[in-house]
Every structure is written in structure tokens, then in C-alpha cells.
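# Understanding the architecture of this molecule
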Amino acid sequence: MSHVAYFGFAVTVVLWMLGDLHGMNSEVVAMIPIALFAATGVITVADMKKLSWDVLWLMAGGIAIGIGMDKTGLLQRMVSSIPFASFAPIMVMFGAALLGLLLSTFMSNTAAANLLMPLMAALAIGMPGLEGMGGAIGLLMAVSISCSLAMSLPISTPPNALAMATGTVQTKDMAKAGVIIGIVGLLVIFGMLWLYTVVGFF
């Protein structure tokens, strides 16, 4: 059965890499190994019952929240309601990074970053004052790293969900550690920005 698993893995990776040629999206390609493994007996009904379906639903819920905020225009309305243009460049950086941290706490880190990147890029282009802080690249890096810092809830990132599935980690403990990581991470980000813009360390 191992050769079937290797074959399914290789085919899936190749199809993901050649998406522009065959036109199938990543979700359809991901179903191919599942169908293959089910047909060949690599995965049985007993194996399917052992899956942590609650964790899968949790992660899917985070992705669904991100898609919903994008399709309904809620995220765009939230960002446009913040008067970034009236802020000093360092405050724009801080506000955008904090927004990324907060959003990705309640949805998938990846989904939050994917939603915020286009909006932050458009914001950076219209703010010449950010040039001294790395411009659009600096802003996007701050936001993307901040999105990765959100670890306060099981929904925030797959490793959190997997840790929650073991039953040995409680949500309150995860929240305590996540808040500390988020605060320390933001301080590190803006410490690096300060060294870059004020001290000229880099």
C-alpha cells in the first residue's frame, strides 16, 4: 500500500504545480488522493472515523469567515473606516499590523493575510510618507508577520487546532500564551522598524 501512497502524493504535487496547464483548482486536485486511497483501501471507513472532524470544521470555519468578509465587502468597509491618511507613518504601520493581528486571531492566518495584502498595498501607494519606512514592502512585511503572530485561539492557525485536538491544551492557556506572543511580536516588529528608520541600523 505504501507505493500507492507515494504515487498519490507525487501525482497530487505535480498537479498542484501544473494548475495553469490543466485548469483544475487546488480543491479538486486535493480530492484525487482521497478518491485513490479510498478506492485502493489505503484509507478505510475506520480510518475516516478516527479523523478529528471537529478540528477540520474549525479550520474550515476560519477560512469561511475570511471568504465571507471578502465577498460581502465587510473587510474593505472596516479598513476604509480607519482614517489611515490622517495618521503619522509609524502609526499607520502600527495600526495596520494590529489590524492584521486582530483579524487573524478570529480567522485563519493565511486567510487574513490574503485579504489584507491587496488593501495594504493600495494604502501604501497612496501614502508617500511611508517611503522612509520601507514603503509598500515595509508595510506588507509588517502586516504579514503580524498575521502570523495570532495564536490566541484554536481557529487562528492549524498548529493551534492540532494542539487543541489532543485534549491536553485548554483554550484559556492558549489565549494567555497567544496574547504574550502577539504583544512581544509587535514590539519586535516596531523595534526593527525604529532601528531602520530612526537609527539607520540596517
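Residues numbered from 1 in each chain as written. Predicted model: local features only at pLDDT ≥ 70, side-chain atom pairs only at ≥ 80, totals over all residues. Heavy atoms only, no water.

### So, the nonpolar core
Put simply, the rule is: Only buried residues count toward a nonpolar core, which is a set of Ala, Val, Leu, Ile, Met, Phe, Trp, Tyr and Cys residues joined through side-chain atoms within 4.5 Å. For every residue, the accessible area (1.4 Å probe, protein chains only) is compared with the maximum for its type, and the residue is labelled buried under 20%, exposed over 50%, or partly exposed between those bounds. To qualify as a helix, a DSSP run of H or I must reach at least 4 residues; to qualify as a strand, a run of E must reach at least 2; elements of each kind are numbered from the N terminus. Contacts between residues were defined by any pair of non-hydrogen atoms, one from each residue, lying within 4.5 Å.
Of all hydrophobic cores here, the largest spans 30 residues; its most connected members are Leu 103, Leu 116 and Leu 139. Broken down by secondary-structure element, the contributors of at least two residues to this core are helix 7 (89-106), helix 8 (109-125), helix 9 (135-149) and helix 11 (171-199). At eight residues, the largest contribution of residues to this core is made by helix 8. The contact partners of Leu 139, leaving out residues within four places of it in the chain, are Val 92, Met 93, Ala 96, Met 120, Leu 123, Ala 124 and Leu 130.

### A look at the packing of helix 7 against helix 9
Put simply, the test is: To get an axis, a line is fitted to the C-alpha atoms, and for a helix only the part in contact is used. The angle between two axes follows their N-to-C directions and goes from 0 to 180 degrees. Small angles under 35 degrees read as roughly parallel and large ones over 145 as roughly antiparallel, with 65 to 115 read as roughly perpendicular and the rest as oblique. Note on convention: near helix rotated counterclockwise from far helix by under a right angle means a left-handed crossing. Clockwise means right-handed.
At their nearest, the axes of helix 7 and helix 9 sit 7 Å apart, and the two run at 30 degrees to each other. One way to sum up the angle between helix 7 and helix 9 is to call them roughly parallel. You can see that helix 7 and helix 9 cross each other, and the crossing is right-handed. Packed against helix 7, whose contacting residues are Val 92, Met 93, Ala 96, Ala 97, Gly 100, Leu 101 and Ser 104, the element helix 9 presents Gly 135, Gly 138, Leu 139, Ala 142, Val 143, Ser 146, Cys 147 and Leu 149 at the interface.

### So, the environment of Met 69
Following the sequence through the fold, Met 69 ends up in helix 5 (residues 53-71). Distance in space between the C-alpha atoms of Met 69 and Leu 115 is 8.6 Å, their sequence separation being 46 residues.

### Let's talk about helix 9
Because each turn of an α-helix spans 3.6 residues, side chains separated by three or four positions end up pointing in the same direction. Worth spelling out the cut-off: For a helix, the expected span equals 1.5 Å multiplied by the residue count minus one. Here the arc refers to the set of directions running from the helix axis out to each C-beta atom.
For helix 9, with 15 residues, the first-to-last C-alpha span of 22 Å sits near the 21 Å given by 1.5 Å per residue. Of the residues making up helix 9, those classed as buried are Gly 135, Gly 138, Leu 139, Ala 142, Val 143, Ser 146, Cys 147 and Leu 149. One side of helix 9 carries all its buried residues, which in axial view fall inside an arc of 165 degrees.

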